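For reference, the chains in residue letters:
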Amino acid sequence: MARDITRGLVSGEGELSDAVWAEVLSAVDRTYADLVDYQERLEAKNAELETMRSFLGSILASVSDVLIVVSRSGRVEEVSASLAARTGASTAGFVGRPVAELFAESDRPALVAAMQRAALDRRPVTLEAGLIAAGDTTPLELSLSPRLDERSRVTGHVLTGRPLGELRQAYAQLAASHDELKAAQTLLVRNEKLASLGRLLAGVAHELNNPISFVYANAHALDRYATKFETYFDKVQAGADRADLVRLREDLRLDREIRNLREAVAGARDGAERVRDIVEDLRRLSSDGAGEMVAFDLAETARIAASWVMRGSKRAVGIGFPASAPVMALGRPGHVQQVVMNLVQNALDAVEEGGRVDLSVAAENGCAVLSVADDGPGVPDAVRTLIFDPFFTTKAVGQGTGLGLAISAKIAEEHGGQLRLCPADRGACFRIDLPLAEATA
């Protein structure tokens, strides 16, 4: 073609020569434009590479863990500044060395095997190895990940390691924080329980005062009866005749007093038993609920807790607790009593004078279920998702801590159950599900 173009130019064919020159010039322009575009793209790629190199360099310089980039043949390509700081050598001194030489001789076979396994499985491998540093070895927990190209071929590995001493210290701090959190939670439960018990002091004093006063009054009656009988028996011992004894017996009304004596003894016994029952209920109520979970009657536990809340309440609110067969749940009775007290106290705070709170216990779907419902205004839709959050309360300042429902929900969760707010046509209804003792067994 070049020969034809030259022939055309030499022969003086003007039209053909102009066309050929135009085509040559157009081709030159296109080539130049392609070169300029290629140069621009090449410069853009170089800029991206420089940015990436700078970014990787900053990572290698700032990362605190040991980081080693290894080629496919197992030789070091890049290392982090932290490795140089731990070993006291320069980063350039590691490049090109077999990575196995950086670790204790006894750990080298395991390191090589881990690299082979990571390359074969295409996923990270974790192992422990001792890094040689200043004539000593530092145990590291290594995470070894394969490097893959765009065709998913292994081009090398990346090793990251953290000293095991730092990890163990971090685990120890985490365990200590966990223990502190559990201790704080236990303290919150006890403080909330003490707050509930504080509201019951007036009711406890009233409940104890009634049977004790009854026993005290019967003791005075028994003393009076004893005086009369002593008078009569003194006359008998003195040898009084039958007529005098009959007259004295009528004057002292001993026949009636004998009947009253039995009633006084029975009344004193009833009062003492009532005091014993109150003390027993209070003892069970004040137990911390710690230790292993045991089988207990949820209905009886709820009845005791609800009755103590009502004793401490000075409001005219009715409470319903239908009689039911024992429902044996598995848990810590002291903690469950705390939940019931919180739910009943919240219900009492929500209802008006003359309102009503109803409790029910049943066994449903392998769970022991307790429901506490009231006929108050209910829970607004805007706060239904917030009522179990710690420190959230709708009560006035100083009237609530906002921890009752949060702690109750946590207690239910620790028992393997759940505390939730149920839909209700009127008022609010809370339901707690606990594992049945029979189902657990």
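For clarity, every value in this text was computed on a predicted model and none was experimentally measured.

Draft legend 1. Just the overall build of the protein chain, in detail. A tally of regular secondary structure across the protein chain gives twelve helices and twelve strands. For the protein chain, the residues scored as buried account for 34% of the 441 residues in total. For the protein chain, the exposed area adds up to about 26,500 Å²; of that, 55% sits on carbon and sulfur atoms.

Draft legend 2. Layout of helix α4 (residues 108-121). Across its 14 residues, α4 extends 20 Å between first and last C-alpha, which sits within 8% of the 20 Å expected from 1.5 Å per residue. For α4, the full list of buried residues reads Leu111, Ala114, Met115, Ala118 and Ala119. Take α4 and look down its axis: the buried residues cluster within an arc of 130°, on one side only. The exposed residues of α4 that point more than 90 degrees off its buried face are Pro109, Gln116 and Leu120. Arg122 sits one or two positions beyond α4 and adopts a positive phi of about 60°.

Draft legend 3. Structural detail: a nonpolar patch on the surface. Residues Trp21, Val24, Leu25 and Val28 make up a contiguous nonpolar surface patch of roughly 380 Å² in combined accessible area. Structurally, Val24 can be placed in helix α2 (residues 14-62). On the accessibility criterion, Val24 (35% relative accessible area) is partly exposed.

Draft legend 4. Focus on the sheet that holds strand β7 (residues 318-320). Pairing in this open sheet of five strands is mixed, and the strands run β7-β9-β10-β12-β11 from one edge to the other. Since the sheet does not close on itself, it has two edges, and those belong to β7 and β11 (418-422), each with one partner. Within the sheet, the average angular offset between the axes of one strand and its neighbour, ignoring direction, is 15°. Relative to strand β12 (residues 429-435), β11 is paired through five bridges, and the arrangement is antiparallel.

Draft legend 5. How the structure looks around the pattern of salt bridges. All told, the structure shown has nine salt bridges when counted by the stated rule. Residues Arg147 and Glu77 are paired through a salt bridge, measuring 3.1 Å at the closest nitrogen-oxygen approach. In this pair, Arg147 sits in strand β4 (residues 136-148) while Glu77 sits in strand β2 (residues 76-79), placing the two residues 70 residues apart along the sequence. The exposure class of Arg147 is partly exposed, given its relative accessible area of 23%. Owing to a relative accessible area of 33%, Glu77 belongs among the partly exposed residues under this scheme. Between Asp149 and Arg153 there is a salt bridge; the shortest N-O distance is 3.0 Å.

Draft legend 6. A look at the packing of helix α10 (residues 333-350) against helix α11 (residues 404-414). Between α10 and α11, the shortest axis-to-axis distance is 9 Å and the interhelical angle comes to 145°. The crossing of α10 and α11 is left-handed. Contacts from His335, Val339, Asn342, Leu343 and Asn346 in α10 reach Gly404, Leu405, Ser408 and Ile411 in α11.

Draft legend 7. A look at unusual backbone geometry. With a phi close to 60°, Ser152 is a non-glycine residue in the positive phi region. Mapped onto the fold, Ser152 is located in the loop between β4 and β5 (154-163). Judged by relative accessible area, Ser152 falls into the partly exposed class, the value being 44%. A positive phi is found at Asn365, a non-glycine position, where the angle reads about 50°. Along the chain, the position of Asn365 falls in the loop between β9 (356-364) and β10 (367-374).

Draft legend 8. Molecular detail of the sheet that holds β5. The five strands lie next to each other as β2-β1-β5-β4-β3, forming an open sheet whose pairing is antiparallel. Only two strands of the sheet have a single partner each, and these edge strands are β2 and β3 (125-133). The mean inter-strand angle of the sheet, taken between neighbouring strand axes irrespective of direction, is 30°. Judged from the nine bridges that link them, β3 and β4 form a sheet pairing that is antiparallel. Of the residues in β4, the one forming a bridge with Glu128 is Glu141.

Draft legend 9. Spotlight on the confidence of the model for the protein chain. Mean pLDDT over the protein chain works out to 76, with 77% of the residues at or above the 70 mark. Counted against residues more than four places away or in other chains, residues 9-13, with its pLDDT under 50, gives three contacts.

Draft legend 10. Expanded view of α10. Between its first and last C-alpha atoms α10 spans 26 Å; for 18 residues at 1.5 Å apiece the expected length is 26 Å, and the two agree. When you tally the buried positions in α10, you get 14 out of 18 residues, the bulk of the element.

Procedures and definitions
- Residues numbered from 1 in each chain as written.
- Predicted model: local features only at pLDDT ≥ 70, side-chain atom pairs only at ≥ 80, totals over all residues.
- Heavy atoms only, no water.
- Helix = DSSP H or I, 4+ residues; strand = E, 2+ residues; numbered from the N terminus.
- Buried < 20%, exposed > 50% of the residue type's maximum accessible area, 1.4 Å probe, protein only.
- Areas by Shrake-Rupley, 256 points an atom, 1.4 Å probe, with all protein chains shown as cover.
- Expected span 1.5 Å × (residues − 1).
- Arc of directions from axis to C-beta.
- Patch = residues over 30% accessible without salt bridge, like charges linked within 9 Å, V, L, I, M, F, W, Y side chains within 5 Å.
- Salt bridge = Lys/Arg side-chain N within 4 Å of Asp/Glu carboxyl O.
- Pairing = 2+ DSSP bridges.
- Axes fitted to C-alpha atoms, helices over the stretch in contact; angles between N-to-C directions.
- Left-handed = near helix turned anticlockwise from the far one by under 90°.
- Contact = heavy atoms within 4.5 Å.
- pLDDT = per-residue confidence, 0-100.

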